Amino acid sequence: MSENVPEQILKSRVLTGRKVITSDAVTIDESNVVSVLNKALATHMCNSGEISYLYNYYKGMQPILNRVKEVRSEICNKIVENRAHEIVSFKVGYLCNEPIQYISRSSEKSSTESISLLNEYVFEKDKASCDKQLINWLYICGVAFRMIMPSTEDDSESPFEIYTLDPRNTFVV
């Protein structure tokens, strides 16, 4: 299981949270966007390494698998009690046991109809599954990203697409 994973990923670490990526630029336009992103990319690479470690830990690739037993090396019982996966699964199940539905506090008919239409759109786009993925990433590594784009499908009733992005290669400045 751990043969294909670099040893540095499986070493024990002390993690204190992902670093917030900021910029001191007052405005961002075509003249400075590349330099701002290049500066932010260094912080993201550090965060990405930590996120990869946490994701691998969650998947069961834990430091115990690379530990070398020096006394009586013929007895080698390496067992992973994957508490990280257990905790994340419990928390996600608790938080996402029912899909989120939107309601209106207004009694106006037009408002109620608009909210019902929004609920139909998010049901069509399977937002409940995207919410589960988002919360899963949040509990695994402490950050999660969602992207909503205009729909490109002609046969879709919904005017938007919902994506949950992998935080190992996504960041916000």
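Everything discussed here concerns the structure shown above.
I will try to describe carefully the structure that is included in this document. Per chain, residues are indexed from 1 in the order of the written sequence. Reporting in this predicted model follows two pLDDT cut-offs: at least 70 for local features of residues, and 80 or more for side-chain atom pairs to be given and counted; totals over whole chains, interfaces and linings ignore these cut-offs and use all residues. Each side-chain value is worked out from all heavy atoms of the structure, with water and hydrogens disregarded.

### Section: the nonpolar core
The nonpolar side chains of a soluble globular protein tend to be buried with one another. Selection rule: Residues belong to one nonpolar core when they are buried, are Ala, Val, Leu, Ile, Met, Phe, Trp, Tyr or Cys, and are joined through side-chain atoms within 4.5 Å. Burial here depends on accessible area, computed with a 1.4 Å probe over protein chains only, as a share of the maximum for the residue type. Under 20% is buried, over 50% is exposed, and the range in between is partly exposed. Only DSSP runs of H or I reaching four residues or more are called helices, and only runs of E reaching two or more are called strands; each is numbered from the N terminus. In what follows, residue pairs with any heavy atoms lying within 4.5 Å of each other are defined as contacts.
Judged by nonpolar contacts, Ile-51, Tyr-53, Leu-54, Tyr-55, Tyr-58, Val-88, Val-92, Ile-135, Trp-137, Ile-140 and Cys-141 together constitute the single largest core of 11 residues. Where this core is concerned, the elements lending two or more residues are helix H2 (33-58), helix H3 (83-95) and helix H5 (127-141). Looking at this core element by element, the count peaks at 5 residues for H2. When sequence neighbours within four positions are dropped, the list of residues in contact with Leu-54 reads Leu-15, Arg-18, Ile-140 and Cys-141. In terms of nonpolar packing, the next biggest core, distinct from the first, is built from 5 residues, Tyr-121, Val-122, Phe-160 and Ile-162 among them.

### Overview of unusual backbone geometry
Unusually for a residue other than glycine, Arg-72 sits at a positive phi of about 50°. Following the sequence through the fold, Arg-72 ends up in the loop between H2 and H3. For Asp-126, which is not glycine, the phi dihedral falls at a positive 55°. Position of Asp-126 among the secondary structure elements: in the loop between helix H4 (109-124) and H5. Given a relative accessible area of 42%, Asp-126 falls into the partly exposed group.

Taken by themselves, the reported measurements are silent on function.
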